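What the coordinates show
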Amino acid sequence: MPGTEPAVRPLEGITVVALEQAVAAPFATRQLADLGARVIKVERVDGGDFARAYDAGVRGGLGTHFAWLNRSKESIALDLKRDEGRAILARLIAGADVFLQNLAPGAAARLGLAAPVLRADRPRLIVVDMSGYGSRGPYRDKRAYDMLVQAEAGLISVTGTPETPVKAGSPLADIAAGVYAFSGVLAALVRRGTTGEGASIEVSMFDAVAEWMGQALYSTLYTGAPPPRSTLGHPVIAPYDAYPTADGVDVVIGVQNDRGWAALATGVLDRPDLVTDPDYATNQARVRNRAEVDALIARTTSRMGRADLLRRLDEAGVPSATLNDGHGLVAHPQLAERDRWREVGSPVGALRAILPPITFAGVEARMDPIPGLGDHTDAVLAELGYGDGEIARLREAGTVA
């Protein structure tokens, strides 16, 4: 009936073959799997995706990155140095809607997996090539990892203290590239639905972080000076920082405009005179006098308990947050109240995981198990028409695992 929510996940029926490793590409394909796509993850026979063993943080030795990025996928292990391994991959791609890879620079082309080659016979295929710096330019062959790209694109230069630059705590270069690859596939699927034409898509980590530099990039471009590192603060907004409380837990206060300042001054600081004081009345004045602004706020907040301060900030309409750590996030009432936790299977048993942020009304996100290396090799080969004897021979030869 009209208005009824769809009963199926939006990407059900879409098959993705991913020659992927580490973080960026697995994040893109896991998001496709979340929405119902079938993702066949092609791994090396000798250990698979090296993110499996980045660390042993999940009980039983499973890597934390791998647990985060690879649920709801099928794992097939192939030796692509062998002709038969490459032939199996070619048959997989022949039945796919999307092929995505993030191998080292030039590796996909050497395997015969360049987008023009793949799409010559299958114009409806969507090919996504992910890399550190893109396929052209002086850095095209340069190896790239998250921290290196954060450095090269300037993100580290605006993160940290005035004395010490630091990288972002999460792998933002990988995540940014994964988000753009995911959205690029969605856009290509929409266009294919109307024109029948597939796509060749290129996503680089460098381009993604350059885009995310945003205000810092444009400030440098048009003022001639990059913004200074300001720890938790904002280079062009004040107050925007963490402030102490009487019980030792910092509270972050963010005032975006002069109306917000008036609300903070009158409703929390009990200093209505600050609303019109020329040293504090405008954001530009507060930025010039940032140290004084932060000090007068801290004198008030340090005498208040966290709960009381947050209550007063909320009542005054002043944006705020608790400065949580990982424990605070795990125990966060917003996740619990909205039922955002699920259990997923894995090679080391059931694990807790949070639902992805895209929520379709009436449709549960896919939260299937994290695969062990080669868990689906036999089933996928059988689906391609290989018999039991052929599969056993391929396994004995080391072509598959």
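Because the structure is predicted, anything quoted here is derived from the model rather than measured. (Residues numbered from 1 in each chain as written. Predicted model: local features only at pLDDT ≥ 70, side-chain atom pairs only at ≥ 80, totals over all residues. Heavy atoms only, no water.)

Things to note about the side chain of T245
So the rule is basically this: The numbering of helices and of strands both runs from the N terminus, where a helix is a DSSP run of H or I of at least 4 residues and a strand a run of E of at least 2. Note on exposure labels: buried denotes an accessible area under 20% of the residue type's maximum, exposed denotes more than 50%, and partly exposed covers the range between, all computed with a 1.4 Å probe on protein chains only. As used in this structure description, the phrase polar contact means that two N or O atoms lie within 3.5 Å; if the pair is within protein, one of them must be able to donate a hydrogen and the other to accept it, and residues adjacent in sequence are counted only when both atoms belong to side chains. In this description, contact between two residues means that some pair of their heavy atoms is separated by no more than 4.5 Å.
Take T245: it is sitting in the loop between β7 (240-243) and β8 (251-254). In this structure T245 comes out as buried when scored by relative accessible area, which is 7%. Polar side-chain contacts of T245 include one of 2.7 Å to the side chain of D247. Among all residues touching T245, those that are not within four sequence positions of it are V251, T301, S302, M304, G305, R306 and L309.

A closer look at the pattern of salt bridges
The criterion, for reference: Think of a salt bridge as a Lys or Arg side-chain nitrogen and an Asp or Glu carboxyl oxygen that are within 4 Å of each other.
Evaluated as defined, the whole model comprises 25 salt bridges. As a salt-bridge pair, K73 and E20 come within 2.9 Å of each other at their nearest N and O atoms. With K73 in strand β3 (residues 73-77) and E20 in the loop between β1 (15-19) and α1 (24-34), this residue pair connects regions lying 53 residues apart in the sequence. Under the relative-accessibility criterion, K73 is labelled buried at 2%. Residues joined in a network through salt bridges with shared partners are E20, K41, D49 and K73.

Observations regarding the sheet that holds strand β4 (residues 98-101)
Keep this limit in mind: Being paired, for any two strands, means DSSP has found at least two bridges between them. Whenever a helix is involved, its axis is fitted only over the stretch in contact; in every case the axis is a line through C-alpha atoms, and angles between N-to-C directions fall within 0 to 180 degrees.
Strand order in the open sheet formed by 6 strands is β3-β2-β1-β4-β5-β6, with parallel pairing between adjacent strands. Strands with a single pairing partner mark the edges of an open sheet, and in this sheet they are β3 and β6 (199-204). Neighbour-to-neighbour, the strand axes of this sheet turn through a mean angle of 20 degrees, independent of strand direction. Two strands pair when backbone bridges link them, and strand β5 (residues 126-131) and β6 are joined in this way by 6 bridges, in the parallel orientation. Within the sheet, the bridge partner assigned to D129 lies in β6 and is E202.

Side note on the packing of helix α7 (residues 172-195) against helix α8 (residues 205-212)
In a pair of packed helices, the angle between the axes and the distance between the axes together describe the arrangement. Defined as follows: By the definition adopted for this analysis, an angle is roughly parallel if under 35 degrees, roughly antiparallel if over 145, roughly perpendicular if from 65 to 115, and oblique otherwise. Here the nonpolar group is Ala, Val, Leu, Ile, Met, Phe, Trp, Tyr, Cys and Pro; Asp, Glu, Lys and Arg are the charged ones; every other residue, Gly included, is treated as polar.
Remark: α7 packs on α8, axes separated minimally by 8 Å, with the N-to-C direction vectors making an angle of 100 degrees. Accordingly, the angle class assigned to the pair α7 and α8 is roughly perpendicular. Residue-level contacts link L172, A173, D174, I175, A176, A177 and Y180 of α7 to M205, A208, V209, E211 and W212 of α8. Considering only residue class, the contact of α7 with α8 consists of 10 nonpolar, no polar and 2 charged.

Considerations on the sheet that holds β8
Across the sheet, 3 strands lie side by side as β7-β8-β9; this open sheet has antiparallel pairing. This sheet does not close on itself; its edge strands, each paired only once, are β7 and β9 (320-322). Geometrically, the sheet is characterised by an average inter-axis angle of 20 degrees between neighbouring strands, direction not taken into account. With 3 bridges joining them, β8 and β9 adopt antiparallel strand pairing. Each residue of the ladder has a partner; that of V251, found in β9, is T322. Along the sheet, helix α12 (residues 290-301) contacts β7 and β8; its crossing angle with β7, the most-contacted strand, is approximately 35 degrees.

Focus on unusual backbone geometry
Negative phi values dominate among residues other than glycine, just as trans dominates among peptide bonds. The step from A238 to P239 runs through a cis peptide bond, and the omega angle for that step is -5 degrees. Checked against the element boundaries, P239 lands in the loop between α9 (214-223) and β7. Look at A22: it is not a glycine, yet its phi comes out positive at around 70 degrees. As for its placement among the helices and strands, A22 is situated in the loop between β1 and α1. Of note in the backbone geometry, D270 takes a positive phi value of approximately 55 degrees without being a glycine.

Some remarks on the packing of α1 against α7
Heads up, the condition is: Throughout, a crossing is termed right-handed when the near helix is turned clockwise from the far one, and left-handed when it is turned anticlockwise from it by less than a right angle.
Relative to each other, α1 and α7 sit at 40 degrees, their axes nearing to 7 Å. With respect to each other, α1 and α7 are oriented oblique. Handedness of the crossing formed by α1 with α7: right-handed. Listed contacts from α7 to A24, F27, A28, Q31 and L32 of α1 are D174, I175, A177, G178, V179, A181, F182, V185 and L186. When its residues are assigned to classes, the contact of α1 with α7 shows 11 nonpolar, 2 polar and 1 charged.

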